[in-house]
Amino acid sequence: MVQIPKQPVPSSPAPSAVPTSADVARLAGVSRATVSYVLNNTSAVRISEPTRRRVQEAAKELGYVPHAAARSLRAGHSRMVLMPAPNVPVGPLYSQFLNELQWALSRLDYTVVQYGGVGLHGDEAARAWAELRPVAVLVPGGGLGPEGVHILKRSGARAVVTLGPERVEGAHALLLDHHGVGHSAGVHLLAQGRRRVGVVIPQKPGLEFFAAPRLEGVRRAVEDTDATVTELPLAYEEEAAARLAARWRSLALDAVFAYNDEYAMLLMRALQDEGVGVPEETAVVGADDLMLGRLLRPRLSTVHIELPSGQDLAELVDRVVRDPGGVPEVHEVLGARIVHRESS
């Protein structure tokens, strides 16, 4: 074990006084109300551009920033949107969506805070989120129930929005139809003449929330045909993929839907190392349409997934914050279409 040597703590000078809005007002030669109007971007009061610039320059010179808690007290609610960190790996596609959403919310003057509550679930997690008094909570995946929604609303959350395959009573819902992802893959493989389809089931806690409906989607696609579906449990490890590839021919499968592109690339490499031809012996399909899949040889067939627009979701949050008394909205937002390349 490498130990980090302890360093003596240097003595530091006493902290200087924290600048206040009164200090900014004195330096800029305006009232404290004008400082508040300028720094909080209040549109109800007209402030001349020279005055606005003078206040901003004074605030910058003093290092002053508005106090979020005080601003929340004046407004009657915070501008914080809490986003609990997903408890499963989200991958590049979802990360891109989160970045777009955070940017759109910041443009609407919300502060986005990601909450990493490892080990917290259900109502316990909701209570931890509520302690921060967010004005809105965006919950990815599952785990939140009606009681959790009630806890959040009692704490002042005006908008509770879930992103997952099922709606939760009392919350606005963006329904992600993962059945459609599996169904698209299944229909494609049938059209390619494949009849013995394997479906990878990731052995990662939490991913069953997405994997189960994708499996069901493949099963639905092959209903009333002579095709069969075989579940393939697989850990995201090279050794696990190699073990599966070593017994591949004994499974007599001619196609595999590998849950997503990352599992597809893992398994395809193992199959090729084992001498299994792709797509000659086995067609391989992933999901997410990642750039890396286009760089493989053969190029990876995949299900292209359309996540909701970050801008649209930000506008939904803002609308609900402004008018929290409406009936919870439900939107189906996940689109899925096959992208046919050489691996199938």
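Values in this document were obtained by computation on a predicted structure and should not be read as measured data. (Residues numbered from 1 in each chain as written. Predicted model: local features only at pLDDT ≥ 70, side-chain atom pairs only at ≥ 80, totals over all residues. Heavy atoms only, no water.)

Participant: Lay out the overall build of the protein chain with the relevant residues and their values.
Facilitator: For the protein chain, the helix and strand inventory stands at 14 helices and 12 strands. Each of the 344 residues in the protein chain was classed as buried or not, and the buried ones make up 46%. Once local pairs closer than 6 in sequence are excluded, the contacts in the protein chain between residues at least 24 apart make up 72%. Approximately 18,500 Å² of the protein chain is accessible, and the part contributed by carbon and sulfur atoms is 52%. (Helix = DSSP H or I, 4+ residues; strand = E, 2+ residues; numbered from the N terminus. Buried < 20%, exposed > 50% of the residue type's maximum accessible area, 1.4 Å probe, protein only. Contact = heavy atoms within 4.5 Å. Areas by Shrake-Rupley, 256 points an atom, 1.4 Å probe, with all protein chains shown as cover.)

Participant: Can you break down the sheet that holds strand β8 (residues 255-257) residue by residue, with the values?
Facilitator: On the basis of which strands lie adjacent, the open sheet formed by 6 strands has the order β7-β6-β8-β9-β10-β12 and mixed pairing. Lying at the two open borders of the sheet, with one neighbouring strand each, are β7 (228-234) and β12 (335-339). Sheet twist, expressed as the mean angle between neighbouring strand axes with direction ignored, is 20 degrees. As defined by bridge partners, strand β6 (residues 196-202) adjoins β8 across 3 bridges and the pair is classed as parallel. The residue of β8 that forms the bridge with Gly198 is Val256. Strands in contact with helix α8 (residues 178-191) are β6, β8, β9 (283-287), β10 (301-306) and β12; relative to β12, the strand with the most contacts, it is inclined by about 25 degrees. (Pairing = 2+ DSSP bridges. Axes fitted to C-alpha atoms, helices over the stretch in contact; angles between N-to-C directions.)

Participant: Please give an account of the packing of aromatic side chains that cites residues and values.
Facilitator: For the coordinates displayed, the defined rule picks out 3 aromatic pairs. Measuring from ring centre to ring centre gives 5.5 Å for Phe209 and Phe210, while their planes differ by 85 degrees; the resulting arrangement is edge-to-face. Aromatic pair Tyr259 and Tyr263: ring centres 5.9 Å apart, planes at 85 degrees, arrangement edge-to-face. Following the ring pairs from residue to residue traces out a cluster consisting of Tyr236, Tyr259 and Tyr263. Residue placement shows Arg79 over the ring face of Tyr110; its charged tip is 3.9 Å from the ring centre. (Phe/Tyr/Trp six-rings, centres within 6.5 Å; stacked < 30°, edge-to-face > 60°. Lys NZ or Arg CZ within 6 Å of the ring centre and 35° of its normal.)

Participant: Mind laying out the nonpolar core, listing which residues take part and the relevant values?
Facilitator: With 44 residues, the main nonpolar core has Leu101, Leu105, Leu138, Val199, Phe257, Leu313 and Val317 as its most contacted residues. Residue contacts for Val317: discarding those within four places in its chain leaves Val81, Leu105, Ala136, Leu138 and Ala159. Core analysis: the second largest hydrophobic core is formed by 28 residues, Ala211, Trp248, Tyr259 and Leu267 among them. (Core = buried A, V, L, I, M, F, W, Y, C linked by side-chain atoms within 4.5 Å.)

Participant: Describe in detail α8, supporting the description with residues and values.
Facilitator: Taking 1.5 Å of rise per residue, 14 residues should cover 20 Å, and α8 covers 20 Å from first to last C-alpha, within 8% of that figure. Extensive coverage of α8 is indicated by the burial of 10 of its 14 residues. Lining the buried residues of α8 we find β6, α9 (208-221), β8, β9, β10 and β12. Where α8 ends, the next residue or the one after it, Gly193, has phi of about 85 degrees, a positive value. (Expected span 1.5 Å × (residues − 1).)

Participant: Requested: an account of the environment of Gln96, with residues and values cited.
Facilitator: Position of Gln96 among the secondary structure elements: in helix α5 (residues 91-107). In the structure, Gln96 is positioned 214 residues away from Gly310 in sequence and 9.5 Å away in space, judged by C-alpha atoms.

Participant: Quick one: what's the story with the pairing of strand β1 (residues 80-84), residue by residue and with numbers?
Facilitator: β1 sits mainly inside the fold: 5 of its 5 residues count as buried. With burial as the criterion, each face of β1 is covered, one bearing Met80, Leu82 and Pro84 and the other bearing Val81 and Met83.

Participant: For the confidence of the model for the protein chain, give the residues involved together with the corresponding values.
Facilitator: The share of residues in the protein chain with pLDDT of 70 or more is 87%, and the mean pLDDT across the chain is 86. Taken element by element, the predicted model of the protein chain shows its lowest mean pLDDT in helix α4 (residues 68-75) (52) and its highest in β8 (98). (pLDDT = per-residue confidence, 0-100.)

Participant: If you had to explain the pattern of salt bridges to someone new, which residues and values would you point to?
Facilitator: Opposite charge on two side chains makes pairing possible when the charged atoms of those side chains draw close. Applying the stated criterion across every chain, the model contains 12 salt bridges. Asp254 is paired through a salt bridge with Arg196; the nearest N and O atoms lie 4.0 Å apart. Separated by 58 residues along the polypeptide, Asp254 in the loop between α11 (248-251) and β8 and Arg196 in strand β6 bring together distant segments of the chain. Residue Asp254 is classed as buried on the basis of its relative accessible area, which comes to 10%. A relative accessible area of 39% means that Arg196 is categorised as partly exposed. Where salt bridges share partners, they join Asp289, Arg294 and Arg341 into one cluster. (Salt bridge = Lys/Arg side-chain N within 4 Å of Asp/Glu carboxyl O.)

Participant: Account for unusual backbone geometry, with residues named and values stated.
Facilitator: For the bond from Val278 to Pro279, the omega torsion is 10 degrees, close enough to zero to count as cis. Tracing the sequence through the fold places Pro279 in the loop between α12 (261-273) and β9. Of note, the bond from Arg297 into Pro298 is cis; its omega dihedral lies within 30 degrees of zero at 0 degrees. The topology assignment puts Pro298 in the loop between α13 (291-295) and β10. Although it is not a glycine, Asp109 adopts a positive phi angle of roughly 70 degrees. Take Asp109: it is sitting in the loop between α5 and β2 (111-115). Owing to a relative accessible area of 33%, Asp109 belongs among the partly exposed residues under this scheme. At Asp289, a position not held by glycine, the phi torsion is positive, near 60 degrees.

Participant: Describe the sheet that holds strand β5 (residues 172-175), and please don't skip the residues or the numbers.
Facilitator: Strand order in the open sheet made by the 6 strands is β2-β1-β3-β4-β5-β11, with parallel pairing throughout. Each edge of the sheet is formed by a strand with only one pairing partner; in this case those strands are β2 and β11 (330-332). The mean inter-strand angle of the sheet, taken between neighbouring strand axes irrespective of direction, is 15 degrees. In this sheet, β5 lies alongside strand β4 (residues 159-164) in parallel orientation, the contact comprising 4 bridges. Residue pairing across strands places Leu163 opposite Leu174, the latter belonging to β5. This element, helix α14 (residues 310-322), spans β1, β3 (136-140), β4 and β5 of the sheet and lies at about 150 degrees to β4.

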